[in-house]
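# Structural overview
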Amino acid sequence: MTATRALVARVTEGKAYAVGFEGLTLEDWPAGEVVIRVAHSGLNYKDALAITGRAPIIRSFPMVLGIDLAGEVVSSDSARFAAGDKVLVNGWGLSETRWGGYSELVRMPESVVQPLPAEFSTEQAMQIGTAGYTAMLCVMALTDHGLQPGRDAVLVTGASGGVGAVAVSLLARAGFHVIAVSGRAEQEGFLRALGAAEVLGRDAISAGGRPMAKERWSGVVDVAGGALLADAIAQTRYDGIVAACGMAGGGGLETTVYPFILRGVTLRGVDSVMVPMARRERAWARLATELDRGLLAELSETHDFRALPKLAADLLEGRLKGRIAVRL
Ligand code: NDP
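Cut-offs applied
- Residues numbered from 1 in each chain as written.
- Predicted model: local features only at pLDDT ≥ 70, side-chain atom pairs only at ≥ 80, totals over all residues.
- Heavy atoms only, no water.
- Near = heavy atom within 4 Å.
- Polar contact = N/O pair within 3.5 Å; in protein donor to acceptor, adjacent residues only side chain to side chain.
- Helix = DSSP H or I, 4+ residues; strand = E, 2+ residues; numbered from the N terminus.
- Buried < 20%, exposed > 50% of the residue type's maximum accessible area, 1.4 Å probe, protein only.
- Contact = heavy atoms within 4.5 Å.
- Pairing = 2+ DSSP bridges.
- Axes fitted to C-alpha atoms, helices over the stretch in contact; angles between N-to-C directions.

By the naming in an unreviewed UniProt entry, the protein is Oxidoreductase, taken from Gemmobacter fulvus.

### Section: the site of the ligand
The immediate surroundings of the ligand are formed by 26 residues, with Ser 160, Val 163, Ser 182, Gly 183 and Ser 272 found nearest. Note that an oxygen atom of the ligand is positioned 2.8 Å from one of the backbone N or O atoms of Val 163. For the ligand, an oxygen atom lies 2.9 Å from a polar atom in the backbone of Met 247. Looking at the shell around the ligand, the elements with two or more residues in it are α2 (122-145) and α3 (162-174).

### Re the environment of Leu 200
Tracing the chain through its elements places Leu 200 in strand β11 (residues 198-200). Given the relative accessible area of 18%, Leu 200 is considered buried. Measuring from C-alpha to C-alpha, the distance between Leu 200 and Val 64 comes to 39 Å, with 136 residues separating the pair along the chain. Not counting chain neighbours up to four residues away, the residues in contact with Leu 200 comprise Ile 179, Ala 180, Val 181, Ser 182, Ile 205 and Arg 216.

### Focus: the sheet that holds β11
If you walk across this open sheet you meet the 6 strands as β11-β10-β9-β12-β13-β14, and the pairing is parallel. At either end of the open sheet lies a strand with only one pairing partner, and these are β11 and β14 (266-269). Here the strands of the sheet are splayed against their neighbours by 20 degrees on average, with no regard to which way each runs. Of the strand pairs in this sheet, strand β10 (residues 177-181) and β11 are connected by 3 bridges, and their pairing is parallel.

Listed below in structure tokens is the structure:
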């Protein structure tokens, strides 16, 4: 059986683990009903952490990395999929407990595979990737809570990153007043092109360490965690909602109960990994109708998957913006 290329993490002597390209055959893969030729994957913050070993993402070894994939079914023992179907997989423990998408050929259990929406190519789906689909899960948290375009202002932190840029673009297109927060002043033009009405530095949203300050926005999409999340909560309007999905600025959170019990603010955690299939399909269906594909192209780059080790370091050093897809 011919070997195909994959990016694999293995425990090596004297090192936590090493990451490198290897040839794998289908026989190496864990059991599963659906064999997929991967056309594209993507680079998310979690992928960058796993590739560089900067945080303990991988929970069993050896591990094929990559939390996302999109491609074409080669063979299927599942009644739900047939050879030639275009499919995608996001999360579900890929690159943590389950072999992932940085591999030319993969074998997956049918329960994690979903049809690729007809509106998207495999490249577009991976330009969206987990980051973009998580942005939509956050937007759904806000709109399900009752926030209304044309009336409400929404703060987006880490706005020039993958989740943030897609969130800015989705919210602005829907008609929300988007306040984008970025640590990189040079990204203002990019963020305004995505539809941000205001672009602020991180200091400009400081609440001065107070748990409650003047009300400024009704909704928040937060990828930062830490001090920025505390600042965001402190300035959320009465009955507003904060969708917290990330920890790019830290895993801590210092606040008090007062924003919750005096302003009725909702803190909504957003996880993309184990979301039930019905909500995933709703998120992807909304992306198919609400995401501006022209803007998606502008906020995305596609690279060869051999560039992943360098791209991962660049992402963690803040040298990338928007979304990164990789071609296999
Ligand atoms: P990116 O690296 O593309 O973007 C993160 C952005 O956060 C950066 O571009 C930067 O934006 C901002 N940032 C970086 N460092 C800090 C800091 N110290 N303080 C405040 N902001 C900072 O990552 P993604 O968009 O892919 O992911 C963002 C976060 O969301 C990550 O923590 C990731 O783990 C999480 N995530 C969670 C998911 C879930 O299921 N809950 C799914 C997907 C992502 P700028 O320079 O504009 O400030």
